[in-house]
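An overview of the molecular structure
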Amino acid sequence: MAERPRVAFVGTGVMGAAMAGHLLAAGYPLVVFNRTREKAEALLAHGAQWAESPGEAASRAEVTITMVGYPADVEEVYLGVGGIVERAPEGALLIDMTTSTPTLAVRIAEAASARGLLTLDAPVSGGDVGARNATLTIMAGGAGAAFERAMPLFEAMGNTFTHAGGPGAGQHTKMANQIGIAGAMLGLIEALQYAKAAGLDLERTHAALSGGGANSWSWGAYGPRILSADFAPGFFVKHFVKDLRIALDESRALGLDLPGLTLAEELYARLQEADGAELGTQALWLLYERGEQAGGVS
Ligand code: NAP
């Protein structure tokens, strides 16, 4: 096996643990950090080394990958005192795979470039299943040379890769994806709500429409979870609300009015406030079951 560069992986939650596991299995020496150490234990048991901070992990690697939660987490791990940008060795490649803001991606790229570091913003789509099966779609912004260097790592974690443009273009591509998913989730839930109200068998309706024009990735991934009353994440409601708000902010900055996106943000924010933050996005079903989708949408 050709020698692999040492990789630092920061953020080993639902997505990151599976993604880092694929890198380990592909033979990359791995150093990991996560806020809660216990979520990295399985990787440590398979030979990954532990670091005491994001900056320390980065200082020990040629490539650093981050998969944390929110833009504030991304800012802290990269730009904080003793963080990744400060401590990564010259020439290192830094890849943020968190869904974050295009603006922050540009700020990190500028700070990193001043220190002789390469960056990519490379968020993903494909859900927890895509992370587990290494079938993620990866959309990257940054220099072409950084993308080429990252490709072998991306190939261990996904199966569809796009170099979308310069810094921030990966996050913009991901926002377009989230706007599409917002519509797909409303479509899934309202189609099944209609079928239920009409007295149809939900399993048969879902199966029938899986071969029809209403089918989508969300239909296939989340429909069966709704039918078996499995509302665990998957993809956290709190993270989808974060994404929808970034997409709304970016749309407004572009002078765009997107009423479908606005509606999805209102409904998911309502679900989040009704103790839904830690559930998976398919739990929007519960809001409709309780009749709480009705009224008050501006
Ligand atoms: P998650 O399970 O909450 O994982 C995030 C991990 O990052 C957690 O383990 C968290 O630590 C760690 N973390 C957060 N801030 C940190 C910091 N400052 N230093 C070190 N570690 C830190 O969420 P996820 O589902 O994997 O999602 C991660 C990102 O991918 C999010 O931006 C999400 O929007 C995006 N995404 C998710 C999916 C999906 O289907 N799940 C799909 C595509 C994209 P703790 O363990 O202490 O909480």
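Now for a description of the structure that goes with this document. Because the structure is predicted, anything quoted here is derived from the model rather than measured.

Around the ligand, a shell composed of 27 residues is seen, among which M15, T36, K39, G69 and K242 lie nearest. A distance of 2.9 Å separates an oxygen atom of the ligand from a polar atom in the side chain of N34. Here the ligand loses 94% of its free accessible area of 890 Å² to cover by the protein chains. If you map the ligand onto the pockets, it falls in the largest pocket. Elements with a minimum of two residues in the shell around the ligand: α1 (14-25), α4 (71-79), α7 (127-133) and α12 (237-253). Of all the elements, α4 adds the most residues to the shell around the ligand, at three residues. Class assignment of the residues belonging to the shell around the ligand gives a composition of nine nonpolar, eleven polar and seven charged. Here the shell around the ligand gathers at least three residues from each of two domains, domain 1 (7-166) and domain 2 (172-289).

Another point: the nonpolar core. Within soluble globular proteins, side chains that are nonpolar generally end up buried alongside one another. One finds M19, L23, I95, M97 and F154 to be the most contacted residues of the largest nonpolar core, which totals 57 residues. At eight residues, the largest contribution of residues to this core is made by helix α8 (residues 144-157). When residues no more than four places from it in sequence are discounted, the contact partners of M97 are M19, I65, T66, M67, A122, P123, V124, I138, F154 and M157. Membership of the second largest hydrophobic core comes to 32 residues, among which are M175, M185, A221 and Y222.

What follows is about unusual backbone geometry. What is expected of a backbone is that most residues other than glycine have negative phi and most peptide bonds are trans. That bond from P233 to G234 is cis: its omega, 10 degrees, falls within 30 degrees of zero. Residue placement: G234 occurs in the loop between α11 (217-227) and α12. Phi at A229 is positive, roughly 55 degrees, even though this residue is not glycine. Secondary-structure assignment places A229 in the loop between α11 and α12. In this structure A229 comes out as exposed when scored by relative accessible area, which is 54%.

Basis of the calculations
Residues numbered from 1 in each chain as written. Predicted model: local features only at pLDDT ≥ 70, side-chain atom pairs only at ≥ 80, totals over all residues. Heavy atoms only, no water. Near = heavy atom within 4 Å. Polar contact = N/O pair within 3.5 Å; in protein donor to acceptor, adjacent residues only side chain to side chain. Areas by Shrake-Rupley, 256 points an atom, 1.4 Å probe, with all protein chains shown as cover. 1 Å grid on protein atoms, 1.4 Å probe; cavity = no way out; pocket = protein on both sides within 12 Å on 5 of 7 lines; lining within 4 Å. Sits in = over half its atoms within 2 Å of the grid points. Helix = DSSP H or I, 4+ residues; strand = E, 2+ residues; numbered from the N terminus. Nonpolar A, V, L, I, M, F, W, Y, C, P; charged D, E, K, R; others polar. Domains from an automatic or database assignment. Core = buried A, V, L, I, M, F, W, Y, C linked by side-chain atoms within 4.5 Å. Buried < 20%, exposed > 50% of the residue type's maximum accessible area, 1.4 Å probe, protein only. Contact = heavy atoms within 4.5 Å.

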